[in-house]
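Here is how the chains run, residue by residue.
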Amino acid sequence: MKFWKILLTNKLTLNKIMSKRSLSVTSLNGYRSLISVTGEDSALFLQNLTTNNIYQLNDQNPAQYAMILNSRGRMMYDTIVYKHPTDNANYLMELDSNCIEQAMKYFRLFRIRKKVDLTIENLSLFSVFNTDKKFLSQNSLITVKDPRCADLGYRVILSKDETLSTNSDLNEYKKFLYQNGVAENGEDFSQANSIPLEYNIEFLNGVSFDKGCYLGQELVAKTHYTGVVRKRIMPIKLVNPTETKFEKESVILNKKTGQTVGKLKNLIQDCGIAMLRLANVDKDGIVLLDDQKNEHSVQVFIPKYWPLDEPILKDLKRF
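Keep in mind that what you see is a predicted model, and the values were worked out from it rather than measured. (Residues numbered from 1 in each chain as written. Predicted model: local features only at pLDDT ≥ 70, side-chain atom pairs only at ≥ 80, totals over all residues. Heavy atoms only, no water.)

Student: I would appreciate a short explanation of the overall build of the chain in the present structure.
Tutor: Assigned secondary structure in the chain consists of five helices and 15 strands. Computed over C-alpha atoms, the radius of gyration of the chain comes to 20 Å, within 12% of the 20 Å expected from 2.2 N^0.38 for 319 residues, which places it in the range of a compact globule. Taken along the three principal axes of its C-alpha coordinates, the chain extends 60 × 45 × 35 Å. Scored against the burial criterion, the 319 residues of the chain give a buried share of 55%. Across the chain, contacts joining residues at least 24 apart in sequence account for 71% of those joining residues at least 6 apart. (Helix = DSSP H or I, 4+ residues; strand = E, 2+ residues; numbered from the N terminus. Rg over C-alpha atoms; globule rule 2.2 N^0.38 Å. Buried < 20%, exposed > 50% of the residue type's maximum accessible area, 1.4 Å probe, protein only. Contact = heavy atoms within 4.5 Å.)

Student: Explanation requested: the side chain of Ser250 in the structure shown.
Tutor: By the element assignment, Ser250 lies in the loop between strand 10 (231-238) and strand 11 (251-254). Apart from residues lying up to four places away in sequence, Ser250 is in contact with Gly262, Lys263, Leu264, Leu288 and Leu289.

Student: What exactly am I supposed to notice about the sheet that holds strand 13 (residues 271-277) here?
Tutor: Sheet strands line up and pair through hydrogen bonds in the backbone, either parallel or antiparallel. Reading around the barrel, the six strands line up as 10-13-12-11-14-15 and close back on themselves, with antiparallel pairing between neighbours. In this sheet, adjacent strand axes meet at a mean angle of 40° when their direction is disregarded. (Pairing = 2+ DSSP bridges. Axes fitted to C-alpha atoms, helices over the stretch in contact; angles between N-to-C directions.)

Student: Please explain the pattern of salt bridges as it appears in this structure.
Tutor: Oppositely charged side chains may form a pair once their charged atoms are brought near each other. By the definition in use, this model includes 18 salt bridges. In this structure, Glu40 engages Lys115 in a salt bridge whose closest nitrogen and oxygen atoms are separated by 3.7 Å. Placement of Glu40 in the loop between strand 2 (32-38) and helix 2 (42-49) and of Lys115 in the loop between helix 3 (100-108) and strand 6 (117-121) is noted, with a sequence separation of 75 residues between them. The same class applies to Glu40 and to Lys115, which are both exposed. Note that Lys256 is salt-bridged to Asp282, the shortest N-O span being 2.9 Å. Here Lys256, found in the loop between strand 11 and strand 12 (260-268), pairs with Asp282, found in the loop between strand 13 and strand 14 (286-289); they are 26 residues apart in sequence, far enough to count as distant. (Salt bridge = Lys/Arg side-chain N within 4 Å of Asp/Glu carboxyl O.)

Student: Is there a simple way to think about the layout of surface pockets in this case?
Tutor: To locate leftover empty space, one rolls a probe as large as a water molecule over the atoms. For the second largest pocket, the calculated volume is near 270 Å³. Looking at the second largest pocket, it is lined by 14 residues, and the ones nearest its centre are Thr244, Lys245, Phe246, Leu267 and Gln269. Among the elements that line the lining of the second largest pocket, the one with the most residues is strand 12, at five residues. Residues that form the lining of the second largest pocket fall into these classes: four nonpolar, five polar and five charged. (1 Å grid on protein atoms, 1.4 Å probe; cavity = no way out; pocket = protein on both sides within 12 Å on 5 of 7 lines; lining within 4 Å. Points joined across faces, edges and corners; volume = space filled by probe spheres on them. Nonpolar A, V, L, I, M, F, W, Y, C, P; charged D, E, K, R; others polar.)

Student: How should I be thinking about the environment of Tyr173 in this particular structure?
Tutor: Here Tyr173 shows up in helix 4 (residues 170-179). Considered as a pair, Tyr173 and Phe129 are 44 residues apart in the sequence and their alpha carbons are 8.2 Å apart. Excluding residues that lie within four positions of it along the chain, Tyr173 makes contacts with Thr26, Leu28, Tyr31, Ser127, Phe129, Arg148, Arg155 and Glu184.

Student: Got a minute to help me understand the side chain of Lys175 in this structure?
Tutor: Tracing the backbone through its elements, the reader meets Lys175 in helix 4. A polar atom in the side chain of Lys175 sits 3.2 Å from the side chain of Asp270. (Polar contact = N/O pair within 3.5 Å; in protein donor to acceptor, adjacent residues only side chain to side chain.)

Student: What is the right way to look at helix 2 in this model?
Tutor: One turn of the α-helix equals 3.6 residues, which is why residues spaced by three or four share an orientation. Extensive coverage of helix 2 is indicated by the burial of six of its eight residues. Listed in full, the buried residues belonging to helix 2 are Ser42, Ala43, Phe45, Leu46, Gln47 and Leu49. Elements that come into contact with the buried residues of helix 2 comprise strand 2, strand 3 (63-69), strand 4 (75-83), strand 5 (91-96), helix 3 and strand 6.

Student: Whenever I open this one, the environment of Gln191 confuses me. Can you help?
Tutor: One can find Gln191 in the loop between helix 4 and helix 5 (217-226). Looking at Gln191, the relative accessible area reads 28%, which means it is partly exposed. Once residues lying within four places of it in the same chain are set aside, the contact partners of Gln191 are Met75, Met76, Tyr77, Cys99 and Gln102.

Student: Can you walk me through the packing of aromatic side chains in this structure?
Tutor: Any two aromatic rings considered together are summarised by their centre-to-centre distance and by the angle between their planes. As enumerated under the stated definition, the model contains 10 aromatic pairs in all. Aromatic pair Tyr77 and Phe107: ring centres 5.9 Å apart, planes at 75°, arrangement edge-to-face. With a gap of 30 residues between them, Tyr77 in strand 4 and Phe107 in helix 3 connect regions that are remote in the sequence. An aromatic cluster is defined as three or more aromatic residues linked by ring pairs; in this entry it consists of Tyr31, Phe129, Tyr173 and Phe176. Directly above the ring of Tyr65 sits Arg148, whose terminal nitrogen or CZ lies 5.8 Å from the centroid. (Phe/Tyr/Trp six-rings, centres within 6.5 Å; stacked < 30°, edge-to-face > 60°. Lys NZ or Arg CZ within 6 Å of the ring centre and 35° of its normal.)

Student: Please explain unusual backbone geometry as it appears in this structure.
Tutor: One non-glycine residue, Arg113, lies in positive phi territory at about 60°. The class of Arg113 is exposed, set by a relative accessible area of 79%. Located in the positive-phi region is Gln269, a residue other than glycine, with phi close to 55°. On the basis of relative accessibility, which here comes to 55%, the residue Gln269 falls in the exposed class.

Student: Looking at this model, I keep getting lost on the pairing of strand 4. Mind explaining?
Tutor: Successive residues of a regular strand alternate their side chains across the two faces of the sheet. Among the nine residues that make up strand 4, nine are buried, leaving the element largely enclosed by the rest of the structure. Pairing of strand 3 with strand 4 involves seven bridges; the strand directions are antiparallel. Its bridge partner being in strand 4, Ala66 is matched across the sheet by Thr79. Connecting strand 3 to the next strand, strand 4, in antiparallel fashion are five residues, including Gly73 with a positive phi near 80°. Pairing analysis gives four bridges linking strand 4 to strand 5, with the strands arranged antiparallel. Bridged to Lys83 within strand 5 is Tyr91.

Any link to function would need more than the numbers given here.
Rendered as structure tokens:
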């Protein structure tokens, strides 16, 4: 279990570094968009479409993370669903701005015979992170803790005429997500091919295993109850920052064993996320290959939100 302890040390070191930072505010406008889901059947529509239990949203729990899958149980979109700020019977869905029109067409396929209206809203969205203090925003429609993980800070939704003063850009926000081992938007996963549990959906409060049927449920339930999740998204960090550009899906190797550990999913400066085979990760000798096959040493971290005694993580046993 030496490697487990080293990964845990890496995790604590990274958390210590991150805790020293001051509060950061990033505008997510143009990166994430909001759709209102209204109508008599809005809750039923979302219950049948998303991986989480929409009926658990209430005033004490006003937001939840979820994924929308295809019939094969592969990821189409990641979302945060909010109770509507002016109508508790309706909802807002936060989605990848680059896929918003595509998502609207996809959702309409499942709206048949349901009294549901879908509208792209012109609202302002912000992330407030690097803070362990309660954040309040005057004039916000919604201010809520990020439902995925307490360390991700707050989501703030305002009317289109309101704004927050920002002090960090989208790259800083994405780097922060990667440091926490969180993928977001289609740029971080392969649409219609990625498996939700490999993206830590159950550890990020994004799935209900007892809600009943929803689109793609069979694969999620089967994978969960068999406990077979060999690969997972994990944070990585380049030991020596470089100007080298890395392609997505660049190979990550274990030099000691010669085994392929996984593939890079995305990288911002020196921090990224990778899909790693848990049984092949080692305490050192892990390298990322560039397009010239040059080796770049990386550190691997355990996300803080992972339950370390979870049996599903048993593949980290060899160290």
